[in-house]
Amino acid sequence: MYWLALLQPPTMQQELGLRSRSTDGAKAETSSGDFHPTKASRTHNELHKELLLAHKKGLVLSSRSELQQVLERRKRVQSNQEEEGLSKTPLEDMLLRRQQKQLEREKEQDEATRSEAQLMEFFRVRQNLRKIHSVIQEKTANSAAE
C-alpha cells in the first residue's frame, strides 16, 4: 500500500508541505468531512493549486474589481490630459490658436464655394426654364399663326 502512494503524483497539500488530515495518505476533501462536488472537480483543484502557488510566490491577486480598475485608469488618463493642457507653453498656445484660425478659414471657404455653386445652379436652372418657356411660346405663336 505504501508503494502505491509513492507511485501516485503528490497532492497539492503534499507539494506545499502541508499535512493531510487522513491517515492513509489520501487527501481529505473538506475539513468537515462532507463531500463537495466543486472541490472534487478537476478544474476546481487546478484553480486552487494555481492560487496556492501564486500565493506562495507572493503574487497577490488584485483586490479591486475590473470595473474599479477601468474607472481608475480613465481617471488617471483624464488627469494626465488636464495636466498636459495646463502645462502648455506660450508657443504651443499660439500655434494652437493659429491652427484653429486656419480651420475656421477653410470652413468659411468651403461654405462660400458651396453657396456659390448653389447660386450658379440656380442661374442655370433659371436660364433653362427661360429657354423652355421661349420655345413653348414660339411653338404656340407658330401654331396660332398657322
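Here the residue index of a chain counts from 1 through its sequence in written order. Under the rules for a predicted model, residues below a pLDDT of 70 receive no local features and side-chain atom pairs below 80 are neither given nor counted, while totals for whole chains, interfaces and linings still include all residues. Hydrogen atoms and water are omitted, and side-chain values are computed over all heavy atoms in the structure.

Draft legend 1. Expanded view of the environment of Ser41. For helices the rule is a DSSP run of H or I covering at least 4 residues; for strands it is a run of E covering at least 2, with both sets numbered from the N terminus onward. Considering the arrangement of structural elements, one finds Ser41 in the loop between helix 3 (37-40) and helix 4 (42-57). Between N or O atoms, a polar contact is any pair within 3.5 Å; within protein, one atom must be a potential hydrogen donor and the other a potential acceptor, and residues adjacent in sequence are included only when both atoms are from side chains. Reaching out from Ser41, the side chain makes a polar contact with the backbone nitrogen of His44 at a distance of 3.2 Å.

Draft legend 2. Summary view of helix 4. When the terminal C-alpha atoms of helix 4 are compared, their 22 Å separation across 16 residues agrees well with the 22 Å that a helix rising 1.5 Å per residue should span. Where helix 4 begins, one side-chain oxygen reaches toward the backbone nitrogen of His44, 3.2 Å away; that side chain belongs to Ser41. Helix span, expected: 1.5 Å multiplied by one less than the number of residues in the helix.

Draft legend 3. Just the confidence of the model for the chain, in detail. Averaged over every residue, the pLDDT of the chain is 77; residues scoring 70 or more account for 71%. Of all helices and strands in the chain, the one with the weakest mean pLDDT is helix 1 (residues 2-7) (48), whereas helix 6 (residues 90-145) scores best (91). As a per-residue measure, pLDDT tells how confident the predictor is, with possible values from 0 to 100. Contacts are assigned to residue pairs with any non-hydrogen atoms lying within 4.5 Å of each other. Predicted confidence is poor over residues 1-6, with pLDDT under 50, and the contacts of this stretch with residues over four places away or in other chains come to zero contacts. Overall, residues 18-30 carries pLDDT values under 50, and its contacts beyond four positions in sequence, including any with other chains, amount to 17 contacts.

Draft legend 4. The pattern of salt bridges, seen in detail. By definition here, a salt bridge exists when the distance from a side-chain nitrogen of Lys or Arg to a carboxyl oxygen of Asp or Glu is within 4 Å. Counted by the stated rule, this structure contains one salt bridge. The closest approach of N and O atoms between Glu46 and Arg42, which form a salt bridge, is 3.2 Å. One end of the pair, Glu46, and the other, Arg42, are both in helix 4, four residues apart, so they sit about a helical turn from each other. Burial classification: accessible surface area is computed with a 1.4 Å probe over protein chains only, and a residue below 20% of its type maximum counts as buried, one above 50% as exposed, and the rest as partly exposed. Residue Glu46 is classed as partly exposed on the basis of its relative accessible area of 42%. Exposure remark for Arg42: the relative accessible area of 66% places this residue in the exposed category.

Draft legend 5. Representation of a positive patch on the surface in the model. Nonpolar side chains (Val, Leu, Ile, Met, Phe, Trp, Tyr) are joined into patches within 5 Å and like charges within 9 Å, using only residues with over 30% relative accessible area and no salt bridge. Computed with the Shrake-Rupley method and a 1.4 Å probe, the accessible areas treat only the protein chains shown as cover for residues. Under the counting rule used here, the positive set is Lys and Arg, the negative set is Asp and Glu, and His together with the chain ends is not counted. Charged groups are reduced to one reference atom each: NZ for lysine, CZ for arginine, CG for aspartic acid, CD for glutamic acid. On the surface, Arg97, Arg98, Lys101 and Arg105 cluster together into a positively charged patch. Within the element layout of this structure, Arg98 appears in helix 6. Its relative accessible area of 54% is what places Arg98 among the exposed residues.

Draft legend 6. Expanded view of a nonpolar patch on the surface. A contiguous nonpolar patch, built from Leu119, Met120, Phe122 and Phe123 and spanning about 400 Å² of accessible area, is present on the exposed surface. Since its relative accessible area comes to 45%, Leu119 is described here as partly exposed.

Draft legend 7. Region of the structure containing a negative patch on the surface. A cluster of acidic side chains, namely Glu104, Glu106, Glu108, Asp110 and Glu111, defines a negative patch on the protein surface. Turning to its location among the elements, Asp110 is positioned in helix 6.

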